[in-house]
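# A structural walkthrough
Letter by letter, the chains look like this.
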Amino acid sequence: MRRGETLLGLLGAAALVAAALLAPWLKFILTVALAKGIAVIGILLLLRAGQVSFGHALYVAMGAYTVAFLAPAMPDAAVLLPAGAAIATLTGLLIGLFVSRYREIFFGMLNLALSMVVYSLLEKLYDLTKGTDGIRVELPRFFGMALDRPGFEWAMFATALVLALGAGAFARLYLDSPMGQALSAIKTRETRLEFMGISARRVLLAAYVISALLGGVAGAIIGMTTRHVTPLLAYWTASGELVFIAILGGAGSVLGPFLGAVTFELVRIYAGAAVADAWQMILGGVLLAVILFAPGGLWGMIAGLLRRRAGAAS
Amino acid sequence: MAEWFGDNSGLLGLALLDGLASAGLIFLVAVGLNLVFGVLRIINVAHGSLYAIGAYAAASVGIVFASMGLPAWASLPALVVAAALVGGILGPLIERLVLRRIYGQEEVLQLLVTFALFMILEDVQKLIWGVQPVQHDQAMRLLGTYDVPFAGDVVPFTAYQLFVLPGVALVVLVGLAWFLRRTLTGRVIVAVTTDREAATAMGIDARRVFLLTFTFGAMLAALGGALSSPTGAIVPGIGAQTIVLSFAVVATAGLGQTEGAALTALMIGLGRSIAVYFEPELEVVVPYIIMVAVLLVRPQGLFGSTVARRI
Amino acid sequence: MPPTDMSRRDLLAGAAGLTAGGLLMAGSDADAQPQRPAELKIGITTFLSGPASVFGVPGRQAAEMMVDEFNQRGGIGGVRVRALFVDEAPGTEHLVGEFRRLVQSEGVHVMFASISSGSCLACTPLSRDLQKTTVLWDCATQRIFEEGPQPFAFRTQGFATPEVLAPLLYLLKTKPEFRTMAVINQDYAWGRDSWEMWRTGMEALKPGVRIVAELFPRLGAPDFTTEITRLLAARPDVIFSGHWGGDLVTLARQAAERRLFERSTFVLPVAEASLPILGRTFPAGHVIGTRGDHWNNHPRPKDPARLRALNEAYRARFNEPVIYPVHHMVQAFNALKAAYEKAIAAKGGGWPNDMELAAAFRGLTFDSPTATITLREDGQGLEDQIVGVSTHAEGTPYAIPKDMVIFPAAMVSTPVGMKSVDWLKTLKPDILAQVPAAISG
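The shown structure was predicted, so the numbers you read here are calculated from the model rather than taken from an experiment. (Residues numbered from 1 in each chain as written. Chains lettered and ligands numbered in written order. Predicted model: local features only at pLDDT ≥ 70, side-chain atom pairs only at ≥ 80, totals over all residues. Heavy atoms only, no water.)

### Some details on the overall build of chain B
- Counting its regular elements, chain B contains twelve helices and two strands.
- In chain B, the succession of helices and strands from N to C terminus is α-α-α-α-α-β-β-α-α-α-α-α-α-α.
- In terms of overall dimensions, chain B is globule-like: its C-alpha atoms have a radius of gyration of 20 Å, near the 19 Å expected for 311 residues.
- Overall, chain B is about 65 × 55 × 35 Å in size when its C-alpha atoms are taken along their principal axes.
- Scored against the burial criterion, the 311 residues of chain B give a buried share of 60%.
- Within chain B, counting contacts between residues at least 6 apart in sequence, those at least 24 apart form 75% of the total.
- Looking at chain B, you have 16 positive and 18 negative side-chain charges, and the mean spots of the two groups are 17 Å apart. (Helix = DSSP H or I, 4+ residues; strand = E, 2+ residues; numbered from the N terminus. Rg over C-alpha atoms; globule rule 2.2 N^0.38 Å. Buried < 20%, exposed > 50% of the residue type's maximum accessible area, 1.4 Å probe, protein only. Contact = heavy atoms within 4.5 Å. Lys, Arg positive; Asp, Glu negative; His and termini not counted. Charge placed at Lys NZ, Arg CZ, Asp CG, Glu CD.)

### Thoughts on the interface of chain C and chain B
- Taken together, the contact pairs 40 residues of chain C with 38 residues of chain B.
- Carbon and sulfur atoms supply 52% of the area that chain C and chain B bury against each other, a total of about 3,200 Å² over both sides.
- Three residues stand out in chain C for area buried against chain B, namely Thr226, Arg253 and Glu257 of chain C, and they jointly supply 21% of the buried area on that side.
- A salt bridge links Asp147 of chain B to Arg259 of chain C; the nearest nitrogen and oxygen atoms lie 3.0 Å apart.
- Elements with a minimum of two residues in the side of chain C that touches chain B: helix 2 (53-72), strand 7 (210-215), helix 8 (225-234), helix 9 (245-257) and helix 11 (275-278) of chain C. (Buried area = accessible area lost by both parts, 1.4 Å probe. Salt bridge = Lys/Arg side-chain N within 4 Å of Asp/Glu carboxyl O.)

### With respect to unusual backbone geometry
- Even without being a glycine, Arg41 of chain B presents a positive backbone phi close to 60°.
- By the element assignment, Arg41 of chain B lies in the loop between helix 1 (2-40) and helix 2 (47-67).
- Even without glycine at this site, Arg259 of chain C takes up a positive phi of about 60°.

### Quick look at the state of the cysteines
- Overall, the coordinates contain one disulfide over all chains when judged by the stated rule.
- As a non-bridged cysteine, Cys123 of chain C has Cys120 of chain C as the owner of its nearest cysteine sulfur, 6.6 Å distant. (Disulfide = S-S within 2.5 Å.)

Given below as structure tokens:
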């Protein structure tokens, strides 16, 4: 399965490049989808510990707003991307020290509450953030190169793809490592972990900080791709969307988040184009169907097919 | 400090009255959510949709009642009728068709199922009631205003907000406490909330309890919406905003805690109205500050008991 | 997996090539000499869900009506018109994706962008990048044309500054005696901006007014009980509120029930759209505006028959009265038709490319049912503003304005190249002498 995952990942990446080449408008959508996939990898790590954060859009917004605030002073993606990730990581560490003491609903709701505080502040501090109007991001340079718009969009697409592959590979290694194993233990029997002398809180904190970092990376990419950031990035429905994508893609594989994100964006766009009035209903219906009939998500369906094939071959 | 209170005591008094009215509504919505969570262990995101549909339905029932030529006082029972209809129809429907299939599944799946329902119901509301604000304020106008003296003058409050909203909240609070402690069904619900495994082992039909609780919770959500409808306009999106606040109340209160929900709603209602008087920019973050502050001191929530750790 | 690596490298090389090609194409696309298309596609972004759909859906309905009307009369330049709608509600990141899809995949010929100022601010740079003429059909933010030139964006209606200044001048002219005031605005860009403009203008024209409360409840708040109590306790002479939609309905009903309307004079620049639903709950004697000049009881419309026909056709088809977003959409369609006709005439009957269409929009003059609107050299439309005081007239079940003043757009609009707040600071009280007389009745 592991080799299959790598192979499928690379195949998927190639398919995305091909799609972006064929349709210029898709390149933009796919960049955003890849970025969201990166953020959802973070959700996946927390899910491994049985914890659902309903506030991770906070870190995406952190990354995006860092880009927006820093872009006038340091207009280079090579600076903005790490800066967005760093700010989100720091915030994640600070919040993580607090929320890693909590589990289940308290964990989920505290994350939700903190993201709503940030959302409210982004709206409230009008002089600083331009409120709901949001902040426009001018075209930054890319590692010193002053690219034109299409060039920069390709650069962002490539960056998102490389980072997505990196994040996927990292998550795979992390989940297989003792730290990852300990995460699963939090979900099943936390106290046993403590008996072994491992601090469950630290294990969760580590995963939380990584998830904040990934959220920040995603936010920075989204900020530089859409080039306009608004407080809606931190609203609770945006956090819900990330969890939605995790489940849609399937929590069983590091490919799930990307499968989920691409599917989510495409379904939303095609539903919006077909029935602009009721796209929410269609998305909701898809989610409902996946949970009721394919709880393993899209990855679960693919893995099932592959297993059956393998079974037939042997 | 004492001087400040002396100077502002009149304003604080007004803020107290405002806070009570809004606390009543917050409590009604949150207590249903809390009850459902306590028993089913599902955070029902669609609770906000039930609130919105309750509000829309109350306006519709009110308009129908008025067009049937019923007297003006009928607008008050119309609110309750609408809430009972919405909760009584949608509650069992959602529980039977959707929730029942995912009991025992992972928490995240249960949460997302209700998120999916929320998305679907958002559009359903639009299809039924359109996007223009819907309003029917007969119940508020019926009761008129009540003049509260202030600084040698009066400040008129609507009697509806001053008396009906906190009154209904109080009735629900006391009624619920009585129901949960004194009736058999109530005690069964408490038993399932406290220890589901032990309760089912003792022969309690958990499914029936789930259905009952969810329907009741749905009715409370719809009642909150229905009671809010006479004072405001109902527009798309009100459900999304209501639910976040209710989440904060539930987590602050402690799981399944009715009294905790009441106290939290009171703190949030008063905190917000005092903020509007003295530091309006803080108003929106008050509920979350209260929540974080409470959970820092009491990680199980105000009234939550320490959960036995699984080994 | 060497083969995959190879193919990916090839693909990347191809990508680089295509990028270069795309660059050349982008340059030549807008200048290319197009054939007359089979249909003229208009991409329209509007709110189809959420609280702002109270404006968005009437806007879409108006667009559907205009499409049918145009097509019955042979379309624009002999080409049938088709509208494609996109929901603004899911947020900027989705909207800019949809904008690209409409332009690059659906191949729309023109975009009509957005009710929300945030959406417009996100779409205008895109119009420049994609070189696609974009009509800002409803958003009001003054920032669009004050923060830099917009080669492809045009606004076919007024903007925030005249929509705030006109009611201010009206108040100063008709009820100049007030000493204290308060504001209750929705907590977002329009709420904050409109108050800053009002306060700046007021300080220039009538210094010394005491501000007793500044309330910014969140957008879409379900209840204003506390805010109203505070306003009742503070007793301001005048209350300014930019509220709209459900928020305004809630505010007005609670204010009416608790007699706040009797204590203070309200100034409501966006009142018109909510008046029908408020019915007689909305009292007489308050200053009301409509984000333009298109009151249904406009005292001297340019084309009374057309205004009446629009009102009747819209009501017949959708069973709702016309409100201002309908007019703004109608204006956008009329402007589009005028621009295409101008461009086709300039080209001797040929179909214009994107550059030529944008050129036709600059300085364009077109008729709305109520007036003639001119687009300035920066792309901003000059739409007159009508402000009046609410009254209950026989035959109308809701409040309508009387004693209306028609403010000529140029008088109340920030001059080209200036920022609104800077300009408002320079106002002198003699501007009040230029205010036209109220049209009684």
